[in-house]
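Given next are the chains, with one letter for each unit.
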Amino acid sequence: MNERLTEQKALETEIKTVDTLLDQGVRVDLPAPRILRWLGKPVLQLILRRPNSETLYRISGLYLRMMRQATTLEPGTLGESHQLIHECMLPASQIVAYGIAPYFRPSGIGNRLLARYLRKHLDTRAMAELWMMVASLSGAHDFCNFIRSMSGMRITTPRTI
């Protein structure tokens with residue numbers, strides 16, 4: 001009984017830690033632009049936070065477009081791998097940019113500039129790490145669980161008396 005109680009407390013503590021981390025965000029260090037390096041700031045410190053619903057909506061749209069392109073190719077050869085990178089790097093970098101700075105104007109100019117900056121200054125391993133952080137912090141599973149629970153309730157079904 002005590003073991004089960006301590007396991008439950010450990011799980012609750014872990015959940016509280018993760019929620020705190022998501023609310024405060026995760027610091028991401030990016031190489032600074034040349035002008036900032038000249039001024040003595042070699043690294044930009046940005047904070048990756050849990051995205052809001054609008055940002056998650058945009059990230060989902062970019063992801064679906066990217067997956068539509070990615071499913072047509074099976075990277076078996078070097079040429080197919082390069083074609084996959086060519087087709088998917090742009091939306092992947094935009095997804096990471098939305099994860100880092102979600103509050104840009106609807107026109108998306110700031111997002112495109114940040115995505116281009118990420119593509120120019122990060123290697124594929126660093127981009128993949130940021131991609132995994134955005135995916136893990138997105139909270140999409142919470143929204144999917146909410147939708148599933150609402151569909152299970154079937155609020156709009158007519159009741160017969």
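Position numbers for residues count from 1 along each chain, tracking the sequence in the order it is written. Per-residue local features are limited, in this predicted model, to residues with pLDDT of at least 70; the limit for side-chain atom pairs, both in listing and counting, is 80 or more; totals at the level of whole chains, interfaces and linings are taken over all residues. For side-chain calculations, the full set of non-hydrogen atoms in the structure is used, while hydrogens and water are omitted.

A separate point is the packing of aromatic side chains. Any two rings among Phe, Tyr and Trp, with Trp reduced to its six-membered ring, count as a pair given centres within 6.5 Å; such a pair is stacked if its planes are under 30 degrees apart, edge-to-face if over 60, and tilted if neither. Using the criterion set out here, one finds one aromatic pair in the structure. Judged by centre distance (6.2 Å) and plane angle (35°), the rings of Tyr 63 and Trp 131 are tilted. Here Tyr 63, found in helix α3 (residues 53–70), pairs with Trp 131, found in helix α6 (residues 124–137); they are 68 residues apart in sequence, far enough to count as distant. For every residue, the accessible area (1.4 Å probe, protein chains only) is compared with the maximum for its type, and the residue is labelled buried under 20%, exposed over 50%, or partly exposed between those bounds. With a relative accessible area of 37%, Tyr 63 lands in the partly exposed category. Residue classification places Trp 131 among the partly exposed positions, given a relative accessible area of 22%. By definition, any uninterrupted DSSP run of H or I lasting at least four residues is a helix, any uninterrupted run of E lasting at least two residues is a strand, and each is numbered from the N terminus.

Let's shift gears to a nonpolar patch on the surface. Together, Ile 35, Trp 38 and Leu 39 make up an exposed nonpolar region whose accessible area comes to about 440 Å². On the secondary structure map, Trp 38 appears in helix α2 (residues 34–38). Patch definition: residues with relative accessible area over 30% and no salt bridge; like charges joined within 9 Å; nonpolar side chains (Val, Leu, Ile, Met, Phe, Trp, Tyr) joined within 5 Å. The Shrake-Rupley method, run with a 1.4 Å probe, gives the accessible areas here. Residue values count only the displayed protein chains as cover. Each salt bridge in this description consists of a side-chain nitrogen of Lys or Arg and a carboxyl oxygen of Asp or Glu lying within 4 Å of one another.

Time to look at the nonpolar core. In this structure, Leu 30, Leu 48, Val 96, Ile 100, Leu 114, Leu 118 and Leu 130 are the most contacted members of the largest nonpolar core, which totals 19 residues. Looking at this core, the element that brings in the most residues is helix α4 (residues 78–100), giving five residues. For this analysis, a nonpolar core means a set of buried residues of the types Ala, Val, Leu, Ile, Met, Phe, Trp, Tyr and Cys, connected via side-chain atoms within 4.5 Å.

By definition here, a helix of n residues has an expected span of 1.5 Å times n minus one. Taking 1.5 Å per residue, 14 residues should reach 20 Å; α6 reaches 20 Å between its end C-alpha atoms and fits that length. Buried residues of α6: Met 127, Leu 130, Val 134 and Leu 137, and no others. Around the axis of α6, the buried residues are gathered within 100° of arc, so they sit on the same side. Exposed and facing more than 90 degrees away from the buried side of α6 are Thr 124, Arg 125 and Met 132. Taken from the helix axis, the directions to the C-beta atoms give the arc we talk about.

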